[in-house]
Amino acid sequence: GQNEYKLAGWFGRVNYDYDGRYLLELNGRYDGSSRFAKGNRWGFFPSASLGWNITREQFMMPIADVVSNLKLRASYGKSGYDAGDPFQYVAAYTQGEKGYVFNDKLTMGMVAPGVVLDNLSWVVTKTANIGVDFDLWNGKLFGTVEVYRRVNDGILASRIMDIPNTFGASFPKENINSEENTGFEIELGTRGKIGKDFGYTISANYSFTRYKFLDVEHNPYQ
């Protein structure tokens, strides 16, 4: 047997830096997969990040000996992956698991498809975060505080869960579930030198996250 599928993609990036003070990065991907039917084959996944180096501002100069680095940043972006069985939109027969005996020989049977759908597409992840990076007293105290939210849209599931079992046909996978992760991360540390040749860095991390189902295909509640 032979199996074949194709992926194609175009991507680009633009960076802008003004005086090391204002930072901007833009990214874009345009990806296609032969797994999906023509109407859902392509997906565009943009992302953007902004940074503000506050220590480069004039009003920070009087406390430059205390605050050696202070940056505020934010980002938002989408990414995707092509999950699911390829070519499930084709109404084709498949080889069954059971066979039949003809003239003392086992012959494998073919199975007609159940419900054929052409709406399978990319599983999309949307991520947003806001963070602050800082250094005080030339690294005697440094750290990062970050808050984030991640949503996975179009997770695969089958509608057979909420269809009566008298329906009599199977359903392919569809992009019908979604989930969310939210949380924050904190890092605090210190760095310095002992003598001329020995440098050290000590840091600690703490993170907290919550996981939530947004859409779940399930049997009807009783």
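Below is a summary of the structure that appears in this document. (Residues numbered from 1 in each chain as written. Predicted model: local features only at pLDDT ≥ 70, side-chain atom pairs only at ≥ 80, totals over all residues. Heavy atoms only, no water.)

Comments concerning unusual backbone geometry
Phi at D19 is positive, roughly 60°, even though this residue is not glycine. Assessed through its relative accessible area of 40%, D19 is described here as partly exposed. Located in the positive-phi region is D104, a residue other than glycine, with phi close to 65°. Here D104 lies in the loop between β5 (94-102) and β6 (105-111). (Buried < 20%, exposed > 50% of the residue type's maximum accessible area, 1.4 Å probe, protein only. Helix = DSSP H or I, 4+ residues; strand = E, 2+ residues; numbered from the N terminus.)

Topic: the side chain of D31
Relative to the helices and strands, D31 is located in strand β2 (residues 22-33). On the basis of relative accessibility, which here comes to 9%, the residue D31 falls in the buried class. Of the polar contacts made by the side chain of D31, one reaches the side chain of R29; its length is 3.0 Å. Residues within four places of D31 in sequence aside, it is in contact with A8, G9, W10, R41, W42, G43, F45 and W122. (Polar contact = N/O pair within 3.5 Å; in protein donor to acceptor, adjacent residues only side chain to side chain. Contact = heavy atoms within 4.5 Å.)

Digging into the pairing of strand β9 (residues 174-194)
Bridge count for strand β8 (residues 141-157) against β9 is 15 bridges, and the pairing is antiparallel. The partner of F142 across the bridge, within β9, is G189. Relative to strand β10 (residues 198-215), β9 runs antiparallel, the two sharing 17 bridges. The residue bridging T182 from the neighbouring strand is R210, located in β10. Between β9 and β10, which follow one another and run antiparallel, lie three residues, and G195 among them has a positive phi close to 75°. (Pairing = 2+ DSSP bridges.)

Re the packing of aromatic side chains
For the structure shown, the criterion picks out nine aromatic pairs. Between Y30 and W42, the ring centres sit 5.0 Å apart and the planes meet at 15°, which makes this aromatic pair stacked. Highlighted residues: Y30 in strand β2 and W42 in strand β3 (residues 42-53), separated in sequence by twelve residues. Judged by relative accessible area, which is 37%, W42 ranks as partly exposed. With a centroid separation of 5.6 Å and an interplanar angle of 70°, the aromatic rings of F45 and W122 are classed as edge-to-face. Taken as a pair, F45 in strand β3 and W122 in the loop between β6 and β7 (123-136) lie far apart in primary sequence, 77 residues in all. Each member of the pair F45 and W122 is classed as buried. Cluster of aromatic residues (ring-pair linked, three or more members): W10, Y30 and W42. The ring of Y5 has R35 sitting right over it, with the charged end atom 5.0 Å from the ring centre. (Phe/Tyr/Trp six-rings, centres within 6.5 Å; stacked < 30°, edge-to-face > 60°. Lys NZ or Arg CZ within 6 Å of the ring centre and 35° of its normal.)

Describing the sheet that holds β2
A sheet is described by the order of its strands in space; here eight strands give the open sequence β1-β2-β3-β4-β7-β8-β9-β10, paired in antiparallel fashion. The sheet is open, and its two edges are formed by β1 (7-18) and β10, each paired on a single side. Ignoring strand direction, the axes of neighbouring strands in this sheet form an average angle of 10°. Pairing of β3 with strand β4 (residues 67-81), which is carried by seven bridges, proceeds in the antiparallel orientation. Of the residues in β4, the one forming a bridge with L50 is A74. (Axes fitted to C-alpha atoms, helices over the stretch in contact; angles between N-to-C directions.)

Details of the pattern of salt bridges
Taken as a whole and assessed by the stated rule, the structure comprises twelve salt bridges. The salt bridge involving D19 is made with R21; its shortest N-O contact spans 2.9 Å. Judged by relative accessible area, which is 18%, R21 ranks as buried. With its nearest N and O atoms 2.7 Å apart, the salt bridge here joins R191 to D135. In this pair, R191 sits in strand β9 while D135 sits in strand β7, placing the two residues 56 residues apart along the sequence. With relative accessibility at 33%, the residue R191 sits in the partly exposed group. Ionic contacts of the salt-bridge type, sharing partners, join the residues D19, R21, R56 and E57 into one network. (Salt bridge = Lys/Arg side-chain N within 4 Å of Asp/Glu carboxyl O.)

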